Amino acid sequence: MTSALAATEKRSPPQMSELTPYEHGPALSDATLTDSSLALTWEDGTHTTLPLLWLRDHCACAQCRHPQTRERLYLPLDDIEQAPSVTLADGHLYLQWQDGHVSAFHSGWLYQRRPEATRFSALPAPQPWRDDFFPEGVRHADFLTPEGEKTWLTAMLRDGLALVTDAPLVEEEVSRLAERGPQRATNFGGRFNVRSKPTPNNAAYTAVGLPLHIDLPNWQQPPDIQLLYCLQNDASGGESLFADGARVINALREQDPEALVILSETPIDFRFQDDTHDIAIKAPVITLDSQGELVEIRLNNWIRDTLHLPAEKMAAWYSAYKALWQLFHSDAHQLEFTLKPGQMVAFDNRRVLHGRREFDPNSGARHLQGTYLDRDMLASRLRVLARTTA
Ligand code: OGA
Ligand code: ZN
Ligand code: ZN
């Protein structure tokens, strides 16, 4: 028996600092020291090699990870000069380091975290809308159950648009539905009413039609998620419009790749000003990641500020903007439906554009209550629900 085991035998293996289950991986059958790494083999024949520095960094003992917060305390700045002694026992790998410190790793925990493993994610990948897309609807009563909320969260992260239906016609219900996470306050407040106002400071507070747009493109980080809860919709007109940026970007790449390059590589100005605010940013209309996937779209023609470009670049930029605008507003991409009182529509404001048809405020009342949320809070809720629901 090696000294490492002797040192740890007296206490039970430490609790790994994780809330996600890891116990189900196969047991380790071999651990062999190589140069500055440990070659591991599990009983199902899987191999991996982990650097000793990585193993030291991931020690889960109470000195290396705070037992209550589960946060890392260890700082990996010291070289590992001498190999630890290695023991496999009780489904754990024990390493006793040169200074006497002992680290214990559960076999299943290491199995899940080996570099070759595809990382488990409770989150669905975003999926561009298909031709016959219509948003998933979850009844309000179901939304209040873990399964119903999970369905809604999954649809939101996958499609960027989802409905809650059959909801009560009570003021502020939008805030109660949103209060699972902190709401994102903006210069329009933490919660806003959309109806025509006598002295509007935004196009949304008039009765005019709103072409497709995102809200607050003039912020460094526009709100991720917008909730619009319909309390009254008796006016004629006012139909809701949506289009998926992820789908439209793919169509633009096919139809006019040069336009996509121009719109994603040319920062332009966005600015909102009223009596008390002046919020401005320079950013491209389309931001793509290194794989060419959409990160965010900033399209909002009334908050777009002076186009400050070299004169010889302007014609090409306007032409690219026109191509994108026409694609978004085409029948192939724009979805239209009437929001009924008791329905809440939610959408990913940085992916899915929204708008509305003009309405006649003299023909009846139209009243929506809205708020914004961070996408992190949706992802967090879904991960938490995945711990307990199948
Ligand atoms: C908004 C908005 C849409 C609507 O408030 O930003 O776009 O249907 N409203 O009134
Ligand atoms: Zn430790
Ligand atoms: Zn809007």
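Look up a bit, the structure's there.
Source: prediction; values computed, not measured.

S.K.: What am I meant to see in the site of ligand 1 here?
M.R.: Lining the immediate surroundings of ligand 1 are V194, A204, L210, H213, D215, Q226, H354, R356, R366 and L368. In the environment of ligand 1, an oxygen atom lies 3.1 Å from a nitrogen or oxygen atom belonging to the side chain of H213. For ligand 1, an oxygen atom lies 2.7 Å from a polar atom in the side chain of R366. Protein contacts shield 96% of the accessible area of ligand 1, which totals 290 Å² for the unbound molecule. For the shell around ligand 1, the secondary-structure elements that each account for two or more residues are β10 (210–213), β20 (352–356) and β22 (366–373). Residue classes in the shell around ligand 1 are distributed as 4 nonpolar, 3 polar and 3 charged.

S.K.: Can you walk me through the coordination of the zinc ion (ligand 3) in this structure?
M.R.: A metal bound by six donors in octahedral fashion has ideal angles of 90 or 180 degrees, whereas one bound by four tetrahedral donors has an ideal angle of 109.5 degrees. Around the zinc ion (ligand 3), the protein contributes the donor atoms H213 (NE2), D215 (OD) and H354 (NE2), which lie 2.1 Å from the metal centre. Taken in chain order, the donor set of the zinc ion (ligand 3) reads H-x1-D-x138-H. Linking H213 in strand β10 with H354 in strand β20, this pair joins segments that are 141 residues apart in sequence. Each member of the pair, H213 as well as H354, is classed as buried.

S.K.: I'm lost on the nonpolar core in this one. Help?
M.R.: When a protein is soluble and globular, its nonpolar side chains tend to lie buried together. Ranked by size, the top nonpolar core spans 32 residues in total, and within it I286, I297 and L324 carry the most contacts. Broken down by element, this core gets its largest block of residues, 7 residues, from helix α9 (residues 311–328). Not counting the four nearest positions on each side in its chain, I286 is found in contact with I249, L252, L260, L263, S264, L294, E296, I297 and L324. Within the second largest apolar cluster, 25 residues are counted, among which are F188, V194, L210 and V352.

S.K.: Would you take a moment to explain the pattern of salt bridges for this structure?
M.R.: If the charged atoms of two oppositely charged side chains come close together, the side chains can form a pair. Considering all chains together, one arrives at 15 salt bridges under this definition. Among the salt bridges present, the one from E296 reaches R298, with a minimum N-O distance of 3.1 Å. Judged by its relative accessible area of 9%, E296 is buried. Salt-bridge contacts for R375 lead to D348; the nearest nitrogen and oxygen are separated by 3.0 Å. Placement of the pair is R375 in helix α10 (residues 375–388) and D348 in strand β19 (residues 344–348), with a sequence separation of 27 residues.

S.K.: For this particular structure, what's the right way to read the coordination of the zinc ion (ligand 2)?
M.R.: Coordination of the zinc ion (ligand 2) by the protein is provided by C59 (SG), C61 (SG), C64 (SG) and H101 (NE2), with metal-donor distances spanning 2.1 to 2.3 Å. The coordination sphere of the zinc ion (ligand 2) comprises 4 donor atoms, whose angles at the metal cover 100 to 115 degrees; the geometry is tetrahedral. Read in sequence order, the donor residues for the zinc ion (ligand 2) give the motif C-x1-C-x2-C-x36-H.

S.K.: Help me out: how do you make sense of the sheet that holds strand β4 (residues 85–89) in this one?
M.R.: Strands belonging to one sheet form pairs held by backbone hydrogen bonds; the direction of such a pair is parallel or antiparallel. An order of β4-β5-β6 is seen for the 3 strands of this open sheet, with the pairing classed as antiparallel. Every other strand in the sheet has two partners, leaving β4 and β6 (102–106) as the edge strands with one partner each. Going from strand to strand, the sheet's axes swing by 20 degrees on average, the running direction of each strand aside. In this sheet, strand β5 (residues 92–96) lies alongside β4 in antiparallel orientation, the contact comprising 5 bridges.

S.K.: Could you clarify how one ought to interpret the packing of helix α7 (residues 245–255) against α9 in this entry?
M.R.: Packed helices, taken two at a time, are described by the angle their axes make and the gap between the axes. Close contact between α7 and α9 brings their axes to 10 Å; oriented N to C, the two are set at 130 degrees. The angle between α7 and α9 places the two elements in the oblique class. Between α7 and α9 lies a crossing of right-handed hand. Across from G245, V248, I249, A251, L252 and Q255 in α7, the residues of α9 making contact are A323, L324, L327 and F328. Split by residue class, the contact of α7 with α9 holds 8 nonpolar, 2 polar and no charged.

S.K.: What is the right way to look at the pairing of strand β17 (residues 294–297) in this model?
M.R.: A regular strand places its side chains on the two faces of the sheet in alternate fashion. Taken together, the 3 bridges between strand β16 (residues 286–288) and β17 define a ladder with antiparallel strand orientation. Following the sheet pairing, L288 is matched in β17 by L294. Turn length for the β16-β17 hairpin, with the two strands adjacent in sequence and antiparallel, is 5 residues, and the turn residue G292 shows positive phi of about 85 degrees.

Basis of the calculations
- Just so you know, the residues in each chain are numbered from 1, in the order the chain's sequence is written.
- Chain letters and ligand numbers both follow the written order, the letters beginning at A and the numbers at 1.
- Two thresholds apply to this predicted model, a pLDDT of at least 70 for residue-level local features and 80 or more for giving and counting side-chain atom pairs, whereas whole-chain, interface and lining totals are computed over all residues.
- Excluding hydrogens and water, the side-chain values take into account all heavy atoms of the structure.
- For this description, a residue counts as near a given molecule or strand if any of its non-hydrogen atoms is within 4 Å of it.
- Side-chain atoms alone can form a polar contact between residues adjacent in sequence; in general such a contact is a pair of N or O atoms within 3.5 Å, and within protein one must be able to donate a hydrogen while the other accepts it.
- Methods summary: accessible areas were calculated by the Shrake-Rupley approach with a probe of 1.4 Å, and residue burial reflects only the protein chains presented.
- Helix and strand definitions follow DSSP, with helices as H or I runs of at least four residues and strands as E runs of at least two, each counted in order from the N terminus.
- Under the scheme applied here, ten amino acids are nonpolar (Ala, Val, Leu, Ile, Met, Phe, Trp, Tyr, Cys and Pro), four are charged (Asp, Glu, Lys and Arg), and all others, including Gly, are polar.
- The rule for donors is simple: an N, O or S atom within 2.8 Å of the metal counts, and for Na, K and Ca the reach is 3.2 Å. Water is not among the atoms, so a site may look short of donors.
- Think of it in three bands: with a 1.4 Å probe and only protein chains considered, a residue is buried below 20% of the maximum accessible area for its type, exposed above 50%, and partly exposed in between.
- For this analysis, a nonpolar core means a set of buried residues of the types Ala, Val, Leu, Ile, Met, Phe, Trp, Tyr and Cys, connected via side-chain atoms within 4.5 Å.
- In this description, contact between two residues means that some pair of their heavy atoms is separated by no more than 4.5 Å.
- One speaks of a salt bridge when a side-chain nitrogen belonging to Lys or Arg is within 4 Å of a carboxyl oxygen belonging to Asp or Glu.
- Square planar and octahedral assignments, for four and six donors respectively, both demand that opposite donors be over 155 degrees apart and that all other angles lie between 65 and 115; tetrahedral needs four donors with all angles between 85 and 135 degrees, and anything else is irregular.
- In short, DSSP must find at least two bridges between two strands for them to pair.
- Note on definitions: angles span 0 to 180 degrees between N-to-C directions of axes, and those axes are lines fitted to C-alpha atoms, for helices only across the stretch in contact.
- Here is the rule for angles: anything less than 35 degrees is roughly parallel, anything more than 145 is roughly antiparallel, 65 through 115 is roughly perpendicular, and the remaining ranges are oblique.
- Note: crossing handedness is left-handed where the near helix turns anticlockwise from the far helix by less than a right angle, and right-handed where it turns clockwise.

Note that every value here comes from positions in space, so none of it alone points to a role or purpose.
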